[in-house]
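Survey of secondary and tertiary structure
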Amino acid sequence: QFEIRRGDYAPLMARVVDGLKKATPHAANADQTAMLEKYVESFSLGSVAAHMDASRHWIKDKGPGVESYIGFIESYRDPSGVRGEWEGFTACVNREVSKKFQLLVDQAENLLAKMPWPKEFEKDKFMRPDFTSLDVLAFGSSGVPAGINIPNYDDIRQSEGFK
């Protein structure tokens, strides 16, 4: 017999929500404001749908000077690939390096056609990423990745895009 209890992390999540509410008036545009508001909803209610909506606003925020993302994101450590590990970062965009890598992004669709695997292994429709080189200021998780490609919601990535 086992018991399922909810709310063990409610005090910590309340602190995250408080910080997000304080950050909201300083957002640079409407998409950033909506993203932060949806994060607050997600972390207050435990709503995956609200986090997905926050992700939608995040991918619409093209070319920001400061980039951030937060939530239960990466599921690599879960054998079933379901439970996401908490991750959050804030980074400044390195515009000079981003400009150099933009040349690669501009050729991505042509390069994919030359890869040594069948087209069936690619997404149905090529979604051009918003590539940005980031100088990470803060990263909270069990490890710092060499790169990110989020959101991890495949239905959003497939139809709406990703960074």
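See the structure printed just above.
All figures in this text were calculated on a predicted structure; none of them were measured in a lab.

Ranked by size, the top nonpolar core spans 19 residues in total, and within it Tyr39, Phe43, Trp58 and Tyr69 carry the most contacts. Elements with a contribution of two residues or more to this core: α1 (10-23), α2 (30-45), α3 (48-60), β1 (66-74) and β2 (85-93). With five residues, the single largest contributor to this core is α2. The residues contacting Phe43, other than those within four sequence positions of it, are Met13, Val16, Val17, Leu20, His51, Ile70, Gly71 and Trp86.

This brings us to the packing of aromatic side chains. Across all of its chains, the model carries six aromatic pairs by this definition. Ring centres 4.6 Å apart and planes at 50° place the aromatic pair Trp58 and Tyr69 in the tilted group. Of this pair, Trp58 sits in helix α3 while Tyr69 sits in strand β1, and the two are 11 residues apart along the sequence. Across this residue pair, the class does not change: Trp58 and Tyr69 are buried. The interplanar angle of 15° and the centroid separation of 6.3 Å between the aromatic rings of Phe89 and Phe139 together place this pair among those described as stacked. One end of the pair, Phe89, is in strand β2; the other, Phe139, is in strand β3 (residues 134-140), and 50 residues separate them in sequence.

The strand order across the open sheet built from three strands is β1-β2-β3, with neighbouring strands paired in antiparallel fashion. In this open sheet, the two edge strands, each paired with only one partner strand, are β1 and β3. Pairs of neighbouring strands in the sheet enclose a mean axial angle of 20°, with direction left out of account. Sheet analysis places β1 next to β2, joined by eight bridges and oriented antiparallel. Pairing of Tyr69 across the sheet is with Phe89, part of β2.

All right, on to the packing of α1 against α2 then. In the contact formed by α1 and α2, the axes pass within 9 Å of each other and the chain directions differ by 165°. Relative to α2, the element α1 lies roughly antiparallel. For the pair α1 and α2, the crossing hand works out as left-handed. For the pair α1 and α2, contact is made by Met13, Val16, Val17, Leu20, Lys21 and Ala23 and by Leu36, Tyr39, Val40, Phe43 and Ser44, respectively. For the contact of α1 with α2, the per-class residue count stands at nine nonpolar, one polar and one charged.

Conventions we followed
Residues numbered from 1 in each chain as written. Predicted model: local features only at pLDDT ≥ 70, side-chain atom pairs only at ≥ 80, totals over all residues. Heavy atoms only, no water. Core = buried A, V, L, I, M, F, W, Y, C linked by side-chain atoms within 4.5 Å. Buried < 20%, exposed > 50% of the residue type's maximum accessible area, 1.4 Å probe, protein only. Helix = DSSP H or I, 4+ residues; strand = E, 2+ residues; numbered from the N terminus. Contact = heavy atoms within 4.5 Å. Phe/Tyr/Trp six-rings, centres within 6.5 Å; stacked < 30°, edge-to-face > 60°. Pairing = 2+ DSSP bridges. Axes fitted to C-alpha atoms, helices over the stretch in contact; angles between N-to-C directions. Parallel < 35°, antiparallel > 145°, perpendicular 65-115°, else oblique. Left-handed = near helix turned anticlockwise from the far one by under 90°. Nonpolar A, V, L, I, M, F, W, Y, C, P; charged D, E, K, R; others polar.

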